[in-house]
Amino acid sequence: MTLRLLTPFVVALGAFAVAVSRPPGDSDMYWHLASGKWMLEHRDILRTDVFSSTVVGQPYSVGEWLGEVVLYLAYAIAGWPGIVLLRGLLVAVAGFFLARVALRSGARLAVAVPIVVAALVLSTIVWTDRPHLFTLALFPLLLDLLLAARDGRTRRLVLAPPLLLVWTDLHGGYALGLALIALFALEAVIRRQHAGAFVASLAFAAVATLLDPGSLGLGSAIGHAASPPRFIVEEAPPDVLNPAGALFALFVLGVLGVALRTGGSPLDALVLIPLLVLALSAQRDMPYFAFAAASYLARRLPDALPRITLPWPHVPRALPAGIVVGIGAFALTSLATLPSAPDESGYPTGAPAALRQGTGVLLNEYDWGGYLIWRAPERPVFIDGRLYPYLPSVFADWNEAVLLGPHWRDVLLRYKVSAVLLRPDRPLTGALREDGWHVVAGADRWVLLSRP
């Protein structure tokens with residue numbers, strides 16, 4: 001096997017080793033796990049809220065039921081290491097197909113590999129243990145499939161509809177995959193090559209996304225992408241002052257600079273421009289622009305650079321083999337030291353025991369809602385990271401109370417709140433202490449108060 005054919009496997013192995021080196025702990029992971037557990041126990045899709053005291057029984061769908069089931073199965077089979085291994089596997093799939101995409105059309109290894117690594121580094125912002133990881137893996141897989149079909153292997157397009165069918169139930173990012181097929185179909189129509197095959201694949205893929213009633217509707221998925229909730233960090237526009245935003249900016253500047261020097265194909269424009277617009281609207285979509293840009297930059301960057309002849313150092317023949325052995329050793333070490341527990345340093349770890357001893361409506365910190373759903377299921381939460389069931393009224397009321405708005409007392413009375421679990425520096429915490437609420441338990445980062 002040549003070094004070029006081996007490279008995607010090496011990239012995947014390296015990505016896997018890095019991905020499994022850190023413990024789980026994302027706040028949304030917990031309510032995804034709880035949802036998957038509920039569905040397996042009840043053998044049904046979770047269509048209404050069962051975790052809160054504020055929107056209980058109300059219908060909602062995040063369109064990730066299968067992703068949640070797979071996530072919980074990983075936990076049920078292997079505990080927290082199972083979650084870590086699932087993350088590593090999905091990141092490895094992303095790395096493998098991203099490398100394949102970047103190495104297409106004879107791109108140089110010395111150019112393509114650093115770009116692929118940079119794109120994977122950018123993608124670490126979404127290496128959280130949520131169904132979003134399935135979109136991270138499936139996007140470059142689909143991009144590789146579509147590029148192969150464009151090169152003449154159109155039979156591979158029969159895989160697109162079943163892929164979209166599964167993706168639809170794994171994560172709402174399936175809309176991104178359907179849009180990618182549509183862009184390739186449009187380009188095929190424009191250049192009048194394989195148009196029938198691409199259009200047929202698009203049509204069947206679109207139908208496939210409608211087959212399961214538990215999925216997130218296409219309109220909802222598009223609406224979420226077009227109008228994300230800006231008060232959530234990952235949904236905010238890119239910030240070039242943080243490392244991920246700065247790296248994204250380098251990709252944007254690189255694409256613009258190369259485009260000005262060498263131009264590009266209609267397909268490059270059709271794919272990169274919409275992905276750039278999407279990435280500029282929300283930070284969590286930056287990796288998908290970088291993934292598509294990796295292919296473009298790997299192909300065209302050498303032609304865009306000034307022709308400067310520099311002495312090329314001698315590279316020992318053993319160096320590639322040494323790199324493979326080194327990454328393999330890193331992967332084995334990572335497997336041997338898999339995190340066995342989540343990082344819960346940012347959560348009120350002492351609160352669940354105290355909560356189980358009380359009753360009544362609990363008003364909790366937004367970021368702790370998922371953790372409490374998993375760790376203290378006996379006490380329904382006021383709010384959690386699912387967000388959309390709580391918009392607009394419950395979230396507005398939560399803000400009114402926690403930030404001590406003019407009607408904060410009315411909110412507590414209306415919801416019959418009898419306990420509050422918040423950070424000690426919250427304005428509501430100080431006000432309730434002045435009103436005589438009792439401190440049931442607490443630590444440096446959290447306090448549990450009970451109505452007198």
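Note that the coordinates shown come from a computational prediction; the quantities given were computed from them, not determined experimentally. Here the residue numbers are simple positions, counted from 1 along each chain's written sequence. Under the rules for a predicted model, residues below a pLDDT of 70 receive no local features and side-chain atom pairs below 80 are neither given nor counted, while totals for whole chains, interfaces and linings still include all residues. Heavy atoms from the whole structure form the basis of all side-chain values; hydrogens and water molecules are not counted.

Undergrad: Please explain the environment of G63 as it appears in this structure.
TA: A run of H or I in DSSP becomes a helix once it reaches four residues, and a run of E becomes a strand once it reaches two; helices and strands are each numbered from the N terminus. By secondary structure assignment, the location of G63 is in the loop between α2 (27-42) and α3 (65-102). Residue class for G63 comes out buried when judged on its relative accessible area of 2%. Placed 44 residues apart in sequence, G63 and A107 show a C-alpha to C-alpha distance of 38 Å. Each residue's exposure class comes from its accessible area (1.4 Å probe, protein chains only) as a fraction of the maximum for that residue type: buried when under 20%, exposed when over 50%, partly exposed otherwise.

Undergrad: What should I look at first to understand the packing of aromatic side chains in this one?
TA: Each pair of aromatic rings is reported with the distance of its centres and the angle of its planes. Aromatic pairs are defined between Phe, Tyr and Trp rings, using the six-membered ring for Trp, whenever the two ring centres lie within 6.5 Å; interplanar angles under 30 degrees are classed as stacked, those over 60 as edge-to-face, and all others as tilted. Counted by the stated rule, this structure contains 18 aromatic pairs. For the ring pair Y30 and Y347, a centre distance of 5.6 Å and an interplane angle of 85° mean the geometry is edge-to-face. Of the two residues, Y30 sits in helix α2 while Y347 sits in the loop between α13 (318-336) and α14 (351-356), which places them 317 residues apart along the sequence. Comparing Y30 with Y347 shows no difference in burial state: the two are buried. The interplanar angle of 85° and the centroid separation of 5.0 Å between the aromatic rings of F96 and F97 together place this pair among those described as edge-to-face. Looking at F96, the relative accessible area reads 17%, which means it is buried. Taking the relative accessible area as the measure of exposure, F97 reaches 18% and is therefore buried. Members of the aromatic cluster, each reached through a chain of ring pairs, are Y30, Y72, Y75, W80, Y347, Y371 and W374. By definition, being over a ring means that NZ of Lys or CZ of Arg is both within 6 Å of the ring centre and within 35 degrees of the ring normal. If you follow R386 out to its NZ or CZ, it ends over the ring of Y60, 5.1 Å from the centre.

Undergrad: How should I be thinking about the nonpolar core in this particular structure?
TA: Considering soluble globular proteins, one finds that nonpolar side chains tend to be buried as a cluster. In this description, a nonpolar core means a group of buried Ala, Val, Leu, Ile, Met, Phe, Trp, Tyr and Cys residues linked to one another through side-chain atoms lying within 4.5 Å. Judged by nonpolar contacts, the single largest core of 136 residues is most densely connected at F251, F289 and L363. Ranked by residue count, the leading element in this core is α3, at 14 residues. When residues no more than four places from it in sequence are discounted, the contact partners of F289 are F248, F251, V252, V255, L272, L275, L276 and A279. Counting 7 residues, the second-largest nonpolar core is a separate cluster that includes A12, F16, A92 and F96. Contacts are residue-level and defined by heavy atoms, with any inter-residue pair within 4.5 Å sufficient.

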